[in-house]
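Each chain is listed here by its residues.
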Amino acid sequence: MPRTLIKDGTVVTATDTRRADVLVIDEVVVAVGHELGEGDSVIDASGRLVIPGGIDVHTHMERRSEHSDNFASGTAAAAWGGTTTIVDMATQDFGESLRQGLDRWMAFADGNAHIDYGFHMIIRDVNDDVLAEMDNLVDAGVSSFKLFMADSGGRYMVDDGGIFKAMSRASDNGALIMMHAENGGVIDVLIQEAVARGQFAPRFHATTRPDSMEAEAVTRAIALADLAGIAVYIVHLSSAPALEVIREARDRGVGAYAETCPHYLFLSEEDLARPGFDGAKYVCSPPLRPIPHQAHLWSGLRGDDLQVISTDHCPFHFGNEKSKGKDSFAAIPNGLPGVEDRLSLIWDGGVATGEISANRFVELVSTAPARLFGLHPRKGTIAPGSDADIVVFNPDATRVLSAANQHMNIDYSLYEGRTVRGVPEVVMQRGKVLVQNGKLLARPGDGRFLERRRSGL
């Protein structure tokens with residue numbers, strides 16, 4: 001079996017930082033320390049950090065006609081950015097079983113993914129058959145389900161009764177329920193009123209989805225989950241009022257968990273108000289908030305009121321998809337790219353600025369996602385027995401974020417021209433080098449489907 005020795009680096013995990021070598025045999029880490037013998041291949045990590053591969057537990061890699069990235073292009077971009085595992089959002093269509101939706105996404109990924117992948121299941125149609133089927137999916141390694149309290153056009157929104165039924169089922173089968181938390185009914189009225197007033201520009205996307213309606217929905221989601229006797233995970237939390245709801249619930253001992261995304265930490269509603277139609281590039285839900293919210297989110301990340309930084313990677317081309325909303329913000333597809341830039345952005349804007357430590361960085365982008373979603377300790381750490389998903393990370397190197405040099409299949413960059421410090425130089429999954437010396441060595445089909453255990457909450 002091949003032996004790979006990663007030498008002379010500084011190994012950083014969520015709990016420890018030390019100078020050490022890492023010995024990989026075949027697909028797993030077998031030792032972390034010194035004098036580990038020779039390797040068939042040696043990776044020089046001197047002056048570099050050696051960290052676990054990133055885990056992005058919120059992506060939308062394939063919707064065919066709508067999205068720009070598929071599993072091939074999106075997972076290649078993830079590898080370039082130091083992410084070695086994703087958990088993608090498989091979707092049930094109305095009238096079909098959960099298994100049919102899952103099988104469709106399995107077919108999208110099979111033979112195309114460059115990195116390892118798992119699935120959450122989006123439930124759109126709650127009925128007795130679907131509730132029973134949740135048990136089967138948990139047994140098959142799909143141990144989390146996402147429901148929407150709001151969505152443009154009502155395509156995904158589930159009422160409180162349906163949400164409570166799904167949560168009650170999760171209390172029996174051990175699944176984790178993920179919630180898109182906004183008050184959809186009120187937001188729909190606000191959108192109709194804005195359009196009636198002739199307010200069509202992208203900036204009105206934010207004013208019609210106020211932070212109070214995010215906080216209200218988070219409050220409701222937590223109350224429903226508490227009544228059902230389960231924990232709940234709030235996806236893409238964006239605002240200070242919603243964070244305060246999470247903080248208060250956790251202080252009471254309630255099982256409330258949440259993620260935020262890089263765009264809420266580095267972008268704001270000012271980007272939605274860019275001249276002309278450029279603001280459409282920044283339309284997502286929940287929307288970007290005023291700049292002061294960013295400091296609150298960083299505080300939540302430091303204090304563990306926010307446990308994860310995911311991307312909600314959901315790219316739409318500006319030229320032929322976002323432009324569908326040129327006559328009204330209400331028709332702009334909601335979603336932003338991000339899977340390639342996450343590690344560099346969080347290092348540059350978080351660790352390099354002193355907002356978080358290097359260990360907390362690893363916890364937020366790798367270890368906590370693995371624990372919460374049933375992948376730890378196989379993923380999310382560097383320890384004997386774990387998969388050899390490893391990034392040799394240069395904390396001092398810089399790169400310029402630009403549509404001209406990114407690998408995501410999207411015709412713009414959210415951060416065009418921004419220089420970031422912190423670059424993945426070698427990316428390895430299960431002992432195989434995916435990226436090295438500025439080249440993608442991974443191939444479609446290298447990624448494997450991950451059957452996840454029940455949440456590590």
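This is a predicted model, so every value here is computed, not measured. (Residues numbered from 1 in each chain as written. Predicted model: local features only at pLDDT ≥ 70, side-chain atom pairs only at ≥ 80, totals over all residues. Heavy atoms only, no water.)

Participant: What is the right way to read the overall build of the chain from this model?
Facilitator: Counting secondary structure elements, the chain contains 13 helices and 17 strands. The C-alpha radius of gyration computed for the chain amounts to 21 Å, which stays within 12% of the reference 23 Å derived for 457 residues, consistent with globular compactness. Taken over the C-alpha atoms alone, the chain extends approximately 70 × 50 × 40 Å along its principal axes. Classification of the 457 residues of the chain by burial places 61% in the buried group. Across the chain, every contact between residues at least 6 apart in sequence was considered, and the portion connecting residues at least 24 apart equals 76%. Here the chain has roughly 16200 Å² of accessible surface; of this, 48% comes from carbon and sulfur atoms. (Helix = DSSP H or I, 4+ residues; strand = E, 2+ residues; numbered from the N terminus. Rg over C-alpha atoms; globule rule 2.2 N^0.38 Å. Buried < 20%, exposed > 50% of the residue type's maximum accessible area, 1.4 Å probe, protein only. Contact = heavy atoms within 4.5 Å. Areas by Shrake-Rupley, 256 points an atom, 1.4 Å probe, with all protein chains shown as cover.)

Participant: Quick question: what am I supposed to make of the pattern of salt bridges here?
Facilitator: Here the idea is simple: oppositely charged side chains can pair when their charged atoms come close. By the definition in use, this model includes 33 salt bridges. Across the pair aspartate 304 and arginine 250 runs a salt bridge, and its minimum N-O distance is 3.6 Å. Residue aspartate 304 is found in the loop between α11 (292-302) and β13 (308-309), and its partner arginine 250 is found in helix α8 (residues 240-251); the two are separated by 54 residues along the sequence. For arginine 399, the salt bridge goes to aspartate 341, with nearest N and O atoms at 3.1 Å. Taken together, the residues span a long stretch of sequence, with arginine 399 in strand β14 (residues 390-401) and aspartate 341 in the loop between β13 and α12 (342-351) at a distance of 58 residues. Linked by salt bridges that have partners in common, Glu27, Asp116, Arg378, Lys379, Asp387, Asp389, Arg430 and Arg448 make up one network. (Salt bridge = Lys/Arg side-chain N within 4 Å of Asp/Glu carboxyl O.)

Participant: Can you help me understand the packing of helix α7 (residues 211-228) against α8 in this one?
Facilitator: Packed helices, taken two at a time, are described by their axes: the angle between them and the distance between them. For the pair α7 and α8, interaxial distance at closest approach is 7 Å and the crossing angle is 25°. By the angle between their axes, α7 is roughly parallel relative to α8. In this structure, the crossing between α7 and α8 has a hand that is right-handed. Contacts between α7 and α8 pair Asp211, Glu214, Ala215, Val218, Thr219 and Ile222 from the former with Pro241, Ala242, Val245, Ile246 and Ala249 from the latter. Split into classes, the residues belonging to the contact of α7 with α8 amount to 8 nonpolar, 1 polar and 2 charged. (Axes fitted to C-alpha atoms, helices over the stretch in contact; angles between N-to-C directions. Parallel < 35°, antiparallel > 145°, perpendicular 65-115°, else oblique. Left-handed = near helix turned anticlockwise from the far one by under 90°. Nonpolar A, V, L, I, M, F, W, Y, C, P; charged D, E, K, R; others polar.)

Participant: Can you help me understand unusual backbone geometry in this one?
Facilitator: Only a minority of non-glycine residues have a phi that is not negative, and only a minority of peptide bonds are not trans. Here the bond from serine 285 into proline 286 is cis, since omega is -5°, no more than 30 degrees from zero. For proline 286, the position within the fold is in the loop between α10 (269-272) and α11. Following histidine 376, the chain continues into proline 377 via a peptide bond in cis, with omega recorded as 5°. Although it is not a glycine, aspartate 304 adopts a positive phi angle of roughly 65°. Residue aspartate 312 is not a glycine yet carries a positive backbone phi of 50°. Inspection of the secondary structure assignment puts aspartate 312 in the loop between β13 and α12.

Participant: Would you mind showing me how to read the nonpolar core here?
Facilitator: Note that soluble globular proteins tend to have their nonpolar side chains buried in a common cluster. Within the largest apolar cluster, 111 residues are counted, with the highest numbers of intra-cluster contacts made by Phe145, Met167, Met179, Ile234 and Phe361. Ranked by the residues each element gives to this core, the list is headed by α7, at 8 residues. Once you skip the residues sitting within four places of it in the chain, methionine 167 turns out to touch Ile177, Met179, Ala221, Leu224, Ala225, Ala228, Ile230 and Val232. Formed by 20 residues, the second largest nonpolar core is a distinct cluster that contains Val87, Leu176, Ala370 and Leu372. (Core = buried A, V, L, I, M, F, W, Y, C linked by side-chain atoms within 4.5 Å.)

Participant: Could you clarify how one ought to interpret the sheet that holds strand β11 (residues 232-234) in this entry?
Facilitator: Strand pairing in a sheet relies on backbone hydrogen bonds, with the paired strands running either antiparallel or parallel. One open sheet holds the 8 strands; their spatial order is β6-β7-β8-β9-β10-β11-β12-β13, and the pairing between them is parallel. The sheet is open, and its two borders are formed by β6 (54-59) and β13, each paired with just one other strand. Strand direction decides the pairing type here: strand β7 (residues 83-91) and strand β8 (residues 116-122), joined by 7 bridges, are parallel. Note that in β8 the partner of aspartate 88 across the bridge is phenylalanine 119. (Pairing = 2+ DSSP bridges.)

Participant: Looking at this structure, how should I read the packing of aromatic side chains?
Facilitator: Any pair of aromatic rings gets described here by the distance separating the centres and the angle formed by the planes. In the structure shown here, the tally under the stated rule is 14 aromatic pairs. Taking 5.1 Å as the distance between ring centres and 35° as the angle between the ring planes, the aromatic pair formed by phenylalanine 148 and tyrosine 156 counts as tilted. Note on phenylalanine 361 and phenylalanine 393: the rings are 6.1 Å apart at their centroids and 45° apart in plane angle, and the pair reads as tilted. In this pair, phenylalanine 361 is assigned in helix α13 (residues 358-372) and phenylalanine 393 in strand β14, connecting sequence segments 32 residues apart. Comparing phenylalanine 361 with phenylalanine 393 shows no difference in burial state: the two are buried. Grouped by ring-pair contacts, the aromatic residues Phe71, Tyr117, Phe119 and Phe449 constitute a single cluster. (Phe/Tyr/Trp six-rings, centres within 6.5 Å; stacked < 30°, edge-to-face > 60°.)

Participant: Quick question: what am I supposed to make of the side chain of threonine 4 here?
Facilitator: Following the sequence through the fold, threonine 4 ends up in strand β1 (residues 3-12). The exposure class of threonine 4 is buried, given its relative accessible area of 9%. At a separation of 3.3 Å, a polar atom in the side chain of threonine 4 contacts the side chain of serine 41. Not counting chain neighbours up to four residues away, the residues in contact with threonine 4 comprise Val22, Leu23, Val24, Ser41, Ile43 and Met428. (Polar contact = N/O pair within 3.5 Å; in protein donor to acceptor, adjacent residues only side chain to side chain.)

Participant: Please explain the layout of surface pockets as it appears in this structure.
Facilitator: With a probe scaled to a water molecule rolled over the atoms, the places where space remains empty come into view. Each pocket or cavity is described by its volume, and for the second largest pocket that value is around 210 Å³. For the lining of the second largest pocket, the secondary structure elements donating two or more residues are β14 and β15 (418-429). If one sorts the elements of the lining of the second largest pocket by residue count, β15 sits on top with 3 residues. Residues that form the lining of the second largest pocket fall into these classes: 5 nonpolar, 4 polar and 3 charged. (1 Å grid on protein atoms, 1.4 Å probe; cavity = no way out; pocket = protein on both sides within 12 Å on 5 of 7 lines; lining within 4 Å. Points joined across faces, edges and corners; volume = space filled by probe spheres on them.)

Participant: How do you make sense of the pairing of strand β16 (residues 432-436) when you look at a structure like this?
Facilitator: One face of the sheet, then the other: side chains in a regular strand alternate in exactly this way. When β15 meets β16, the two strands line up antiparallel, connected through 3 bridges. Looking at the pairing, valine 427 lines up with valine 435 of β16. Between β15 and β16, which pair antiparallel in sequence order, lie 2 residues; one of them, arginine 430, sits at a positive phi of approximately 45°. In the sheet, β16 pairs with strand β17 (residues 439-440) via 2 bridges, with the strands oriented antiparallel.

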